[in-house]
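Coordinates in review
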Amino acid sequence: MKKIKLQKKHYQNLPNKAGFFGEYGGQFVPPQLKKALEEVTAAYEIAKRDPDFQKEYQTLLTDYVGRPSPLFFAKNLTEKLGGAKIYLKREDLNHTGAHKINHCLGEALLAKKMGKKKLIAETGAGQHGVALATAATLMGLECEIHMGEIDVVKQYPNVLRMQLLGAKVITVKSGGRCLKDAVDSAFAAYLNDYKNTFFGIGSIVGPHPYPMMVRDFQSVVGKEAHKQILLKENKLPDYLVACVGGGSNAMGLFHAFLNDKQVQMIGVEPAGKSFKPGDHAATLTLGKPGTLHGMFTYLLQDKKGKPSRVHSIASGLDYPGVGPQHAYLKDQTRAKYVTINDKEALEAFLFLSKIEGIIPALESAHAIAYAMKLAPTLAKNKVILVNLSGRGDKDLDYVGKLLKINE
Ligand SMILES: *Cc1c(COP(=O)(O)O)cnc(C)c1O
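The rules we used
Residues numbered from 1 in each chain as written. Predicted model: local features only at pLDDT ≥ 70, side-chain atom pairs only at ≥ 80, totals over all residues. Heavy atoms only, no water. Core = buried A, V, L, I, M, F, W, Y, C linked by side-chain atoms within 4.5 Å. Buried < 20%, exposed > 50% of the residue type's maximum accessible area, 1.4 Å probe, protein only. Domains from an automatic or database assignment. Contact = heavy atoms within 4.5 Å. 1 Å grid on protein atoms, 1.4 Å probe; cavity = no way out; pocket = protein on both sides within 12 Å on 5 of 7 lines; lining within 4 Å. Points joined across faces, edges and corners; volume = space filled by probe spheres on them. Helix = DSSP H or I, 4+ residues; strand = E, 2+ residues; numbered from the N terminus. Nonpolar A, V, L, I, M, F, W, Y, C, P; charged D, E, K, R; others polar. Axes fitted to C-alpha atoms, helices over the stretch in contact; angles between N-to-C directions. Left-handed = near helix turned anticlockwise from the far one by under 90°. Near = heavy atom within 4 Å. Polar contact = N/O pair within 3.5 Å; in protein donor to acceptor, adjacent residues only side chain to side chain. Areas by Shrake-Rupley, 256 points an atom, 1.4 Å probe, with all protein chains shown as cover. Sits in = over half its atoms within 2 Å of the grid points. Pairing = 2+ DSSP bridges. Buried area = accessible area lost by both parts, 1.4 Å probe. Salt bridge = Lys/Arg side-chain N within 4 Å of Asp/Glu carboxyl O. Phe/Tyr/Trp six-rings, centres within 6.5 Å; stacked < 30°, edge-to-face > 60°. Parallel < 35°, antiparallel > 145°, perpendicular 65-115°, else oblique.

Focus on the nonpolar core
Residues Leu 110, Phe 198, Tyr 210, Phe 254 and Phe 257 are the most contacted members of the largest nonpolar core, which totals 95 residues. Domain assignment of the residues forming this core places at least three in each of domain 1 (19–62 + 100–214) and domain 2 (66–97 + 220–402). Non-local contacts of Phe 257, meaning those with residues more than four positions away in its chain, are made with Gln 12, Gly 222, Ala 225, His 226, Leu 236, Pro 237, Leu 240, Val 263, Met 265 and Arg 334. Core analysis: the next-biggest nonpolar cluster, separate from the first, contains 38 residues, Leu 317, Ala 369, Leu 378 and Val 399 among them.

So, empty space enclosed by the protein
All told, the structure shown has one cavity of 30 Å³ or more when counted by the stated rule. A volume near 420 Å³ is recorded for the largest cavity. Looking at the largest cavity, it is lined by 35 residues, and the ones nearest its centre are Lys 100, Gly 202, Ser 203, Gly 246 and Gly 316. In terms of residue count, helix α9 (residues 179–192) provides more of the lining of the largest cavity than any other element does, three residues in total. The class makeup of the residues in the lining of the largest cavity is 12 nonpolar, 19 polar and four charged.

Looking at the packing of helix α5 (residues 100–113) against helix α10 (residues 210–218)
With their axes 8 Å apart at the nearest point, α5 and α10 run at an angle of 115° to one another. The two elements α5 and α10 meet at a crossing, and its hand is right-handed. Contact residues: Lys 100, Asn 102, His 103, Gly 106, Glu 107 and Leu 110 in α5; Tyr 210, Met 213, Val 214, Phe 217 and Gln 218 in α10.

Structural notes on the site of the ligand
Near the ligand there are 17 residues, and of these Lys 100, Ser 203, Ser 248, Asn 249 and Ser 389 occur at the shortest range. Side-chain polar atom of His 99 to an oxygen atom of the ligand: 3.1 Å apart, as the coordinates give it. In the model, a nitrogen atom of the ligand is placed 2.7 Å from a nitrogen or oxygen of the Ser 389 side chain. Notes on the ligand: free accessible area 380 Å², of which the protein chains cover 98%. Comparing atom positions with the cavity grids shows the ligand to sit within the largest cavity. Of the residues belonging to the shell around the ligand, the class tally is four nonpolar, 11 polar and two charged. Each of two domains, domain 1 (19–62 + 100–214) and domain 2 (66–97 + 220–402), supplies a minimum of three residues to the shell around the ligand.

What to know about the sheet that holds strand β3 (residues 71–73)
Strand order in this open sheet of six strands is β3-β4-β14-β9-β10-β13, and the pairing throughout is mixed. Taken across any chain shown, the strands that pair with only one partner, and hence form the sheet edges, are β3 and β13 (335–341). The average angle at which neighbouring strand axes cross in this sheet is 25°, direction not considered. Direction of pairing for strand β10 (residues 264–272) relative to β13: parallel, over a ladder of seven bridges. Its bridge partner being in β13, Glu 269 is matched across the sheet by Thr 339. Across the face of the sheet, helix α11 (residues 220–233) comes into contact with β3, β4 (85–90) and β14 (383–388) while running at roughly 140° to β4.

Re the side chain of Thr 283
You can see Thr 283 is positioned in helix α13 (residues 283–286). The contacts of Thr 283, once residues within four sequence positions are left out, are Glu 269, Tyr 298, Leu 299, Leu 300, Tyr 319, Pro 320, Gly 321 and Val 322.

Thoughts on the domain arrangement of the chain
Along its sequence, the chain is carved into domain 1 (19–62 + 100–214) and domain 2 (66–97 + 220–402). The C-alpha-based centres of domain 1 and domain 2 are spaced at 22 Å. In this complex, domain 1 contributes 40 residues to the contact, which on the side of domain 2 involves 43 residues. It is Tyr 24, Lys 154 and Ile 204 that lose the most area in domain 1 upon contact with domain 2, and together they represent 22% of the buried surface on that side. In this structure, the connection of domain 1 to domain 2 is made through zero salt bridges. Linking domain 1 to domain 2 there are 13 residue pairs in polar contact (both at pLDDT 80 or more). Contributing elements (two or more residues each) for the side of domain 1 that touches domain 2: β2 (24–25), α3 (51–65), α5, α6 (127–139), α7 (149–154), α9 and α10. The element that contributes the greatest number of residues to the side of domain 1 that touches domain 2 is α9, accounting for five residues.

Some details on the packing of aromatic side chains
Here the structure, examined in full by the defined rule, presents 11 aromatic pairs. Look at Tyr 190 and Phe 199: their rings are 5.5 Å apart centre to centre, the planes differ by 90°, and that puts the pair in the edge-to-face class. Assessed through its relative accessible area of 2%, Tyr 190 is described here as buried. Phe 199 gets classed as buried once you look at its relative accessible area, which sits at 2%.

Re the environment of Asn 341
Its location among the elements puts Asn 341 in strand β13. Given the relative accessible area of 27%, Asn 341 is considered partly exposed. Measuring from C-alpha to C-alpha, the distance between Asn 341 and Asp 279 comes to 10.0 Å, with 62 residues separating the pair along the chain. Here the side chain of Asn 341 touches Lys 343 through a polar contact of 3.1 Å, landing on its backbone nitrogen.

Description of the pattern of salt bridges
In the structure shown here, the tally under the stated rule is 20 salt bridges. Where Arg 67 meets Glu 224, a salt bridge forms, and the shortest distance between an N and an O atom there is 2.8 Å. Of this pair, Arg 67 sits in the loop between α3 and β3 while Glu 224 sits in helix α11, and the two are 157 residues apart along the sequence. Note that Asp 238 is salt-bridged to Lys 235, the shortest N-O span being 3.0 Å.

What about the packing of helix α15 (residues 342–356) against helix α16 (residues 362–374)?
Relative to each other, α15 and α16 sit at 90°, their axes nearing to 8 Å. Comparing their axes, α16 and α15 come out roughly perpendicular. Residues Glu 344, Ala 345, Leu 346, Ala 348, Phe 349, Phe 351 and Leu 352 of α15 form the contact with α16, whose own contacting residues are Leu 362, Ala 365, His 366, Ile 368, Ala 369, Met 372 and Lys 373. Here the contact of α15 with α16 is composed, by residue class, of 11 nonpolar, one polar and two charged.

This is the structure we're talking about:
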């Protein structure tokens, strides 16, 4: 956890060949899975340099997803808070309603080039499952999505969506019946048939090459935002703010700005109901380094070293691990990680809906809530750029029930 002196471009050159960001990341998997991952790495390295692959991917982002997503100046919100200017990167306007489609299309395209027949993945909020099922359908691939039983109930419309898109949804009843258990179950299914299948991980987590590959596919968010903010403000933002579950939307935004020293980066973790074990998923804030799902990273663990149960009002954030690149950026102090609890996230969800006419995902509401705290403490010429990772349609049922209970 020592701070190493860095050369310019260093941050954007990571990970190294073995998939390490400093001491984090790597590929901690059984030998038979290592073979499968080496195949994925080799195929991805070729695709990364293949102009035809990149062109096909770009065309999908433009014509199918609707990119570039707008960078919206939230004037009402800014004026109400009376401090820094707040801009929203509108990933909620993407086809399927969140940033996840960016990497799902990349993964599905790669799977197809590799001659795979089927995509397997886990999902938390169901957003990744929907995005992957969508990409699979588009590419003519089969799709099998593993989802914790609690999330199946909480996010039923997304289960229905996946089924309509032709995916098979597997309800996972083991452990805490949440995202972590869904990952375990999906990994096992992949190991059973890795010759014909491609594992479509839903964030910048898991063994190498996933943290790098998913980040590369998501980095379009930051590349666009970098250009857009320069056009609008004639300078770079003072702060980037994004919620962190596995960390893909945050890293997608951060990556293009890593070498711009003046830009401060803030990842927002879910503090849930309290800071007691099991009540939150603030991995970088309260966790310790360890190994999970094939990577070395910060983890929330119990006394026996098992992954802790986690909770967040936002299903997409309740994961006891985090992408290894975030672990590295935290230790290097290049990014800062803060927390927002369920209540603050819900308030921000309601506030943004009323003031800007934008209903954010509960995940994204964590980033909004932190920006709402930060903006009034800053001068009016400062700029905060928030990644609005997704829309809140999927959360309406759940929020409706919560509000009734609180009445
Ligand atoms: C899944 C999801 C997240 C959390 O995933 P990251 O990998 O941390 O980005 C955040 N926002 C939305 C809308 C999601 O669907």
